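Letter by letter, the chains look like this.
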Amino acid sequence: RAVWNWFALVVHARDAEPVGIGRDWAREQGGSGATMAGGTDAAPVWAALVNGTASHVEDFDDTHYATIIHPTGPVWSAVFALAESIGSSGSAALHAFILGVDVACRVGEAVYPSHYDRGHHITATAGVLGAAMACGRLLGLDQRQLGEALGLATTFASGSKGTFGSMTKPLHPGKAAMEAI
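Just so you know, these numbers come straight off a predicted model, no measurement behind them.

Asker: Can you help me understand the nonpolar core in this one?
Answerer: Nonpolar side chains in soluble globular proteins tend to be buried together. Within the largest apolar cluster, 42 residues are counted, with the highest numbers of intra-cluster contacts made by Val-19, Trp-46, Val-75, Trp-76 and Val-79. Elements with a contribution of two residues or more to this core: helix 1 (2-12), helix 2 (17-29), helix 3 (44-56), helix 4 (72-86), helix 5 (90-111), helix 8 (127-139) and helix 10 (171-180).

Asker: I keep staring at the pattern of salt bridges and nothing clicks. Help me out?
Answerer: Where charged atoms from two side chains of opposite charge come close, those side chains can pair. Evaluation of the coordinates by the stated rule reveals 5 salt bridges. Across the pair Asp-59 and Lys-169 runs a salt bridge whose closest N-O atoms are separated by 2.7 Å. Taken together, the residues Asp-59 in the loop between helix 3 and helix 4 and Lys-169 in the loop between helix 9 (143-156) and helix 10 connect sequence positions 110 residues apart. Owing to a relative accessible area of 10%, Lys-169 belongs among the buried residues under this scheme. The shortest N-O distance in the salt bridge between Lys-175 and Glu-179 comes to 2.2 Å. In this pair, Lys-175 and Glu-179 both sit in helix 10, 4 residues apart, roughly one turn of the helix. Looking at Glu-179, the relative accessible area reads 19%, which means it is buried.

Asker: Sorry if this is basic, but what is going on with empty space enclosed by the protein here?
Answerer: Rolled over the atoms, a probe with the dimensions of a water molecule shows which regions are left empty. Following the criterion strictly, the structure yields 1 cavity of 30 Å³ or more and no others. Considering only enclosed or pocket space, the largest cavity measures out at about 30 Å³ in volume. When residues of the lining of the largest cavity are traced back to their parent elements, those giving at least two are helix 1 and helix 4. Here the lining of the largest cavity takes 4 residues from helix 1, the largest share from any one element. Of the residues belonging to the lining of the largest cavity, the class tally is 3 nonpolar, 4 polar and 2 charged.

Asker: Just to check I follow, could you spell out the packing of helix 8 against helix 9 for this structure?
Answerer: In a packed pair of helices, the relevant descriptors are the angle between the two axes and the axis-to-axis distance. Closest axis-to-axis distance for the helix 8/helix 9 pair is 9 Å, and the angle between their directions is 150°. Looking at the two axes, helix 8 sits roughly antiparallel to helix 9. Crossing hand, helix 8 versus helix 9: right-handed. Two secondary-structure elements touch here, helix 8 through Val-128, Leu-129, Ala-132, Met-133, Gly-136 and Arg-137 and helix 9 through Leu-146, Ala-149, Leu-150, Ala-153 and Thr-154. Residue classes in the contact of helix 8 with helix 9 are distributed as 8 nonpolar, 2 polar and 1 charged.

Parameters and conventions
- Residues numbered from 1 in each chain as written.
- Predicted model: local features only at pLDDT ≥ 70, side-chain atom pairs only at ≥ 80, totals over all residues.
- Heavy atoms only, no water.
- Core = buried A, V, L, I, M, F, W, Y, C linked by side-chain atoms within 4.5 Å.
- Buried < 20%, exposed > 50% of the residue type's maximum accessible area, 1.4 Å probe, protein only.
- Helix = DSSP H or I, 4+ residues; strand = E, 2+ residues; numbered from the N terminus.
- Salt bridge = Lys/Arg side-chain N within 4 Å of Asp/Glu carboxyl O.
- 1 Å grid on protein atoms, 1.4 Å probe; cavity = no way out; pocket = protein on both sides within 12 Å on 5 of 7 lines; lining within 4 Å.
- Points joined across faces, edges and corners; volume = space filled by probe spheres on them.
- Nonpolar A, V, L, I, M, F, W, Y, C, P; charged D, E, K, R; others polar.
- Axes fitted to C-alpha atoms, helices over the stretch in contact; angles between N-to-C directions.
- Parallel < 35°, antiparallel > 145°, perpendicular 65-115°, else oblique.
- Left-handed = near helix turned anticlockwise from the far one by under 90°.
- Contact = heavy atoms within 4.5 Å.

Shown next, in the form of structure tokens:
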């Protein structure tokens, strides 16, 4: 259901202003291999950015109630773009997604509510770790490589609740998905 919800949200938001801005920017960057909201081809990192943003525009994405994380936006946006670009099977993509959501939610459970109460957008900060784990799984990284990927993801973790109510808020899961790749 979470993945179906993601597709519905991304299709619905394909013409939203922040998605259009991201899509135009992604086209300028060049590359191909993954589908962005609106059906345009882009490099996987840019498709993940645009699709993750689109998934959170309406703020109706899935919610892990114990932590208020919306895990599918960052995790599936990264998995969808990367899996498409490397030719992964659907079952490999779903397995990576499930692992990534589990990691994002477990990280969220370890830091919630203090992390969120201090002003961090936990969908992005925990989401980038889940998305990085999922991408690592798709790429077949070994334990050392996964550790390095998670370290890099931690470095890139960001998202401020101070942006809620602006076009920047939906950018957070997109940025998390992009950084994971």
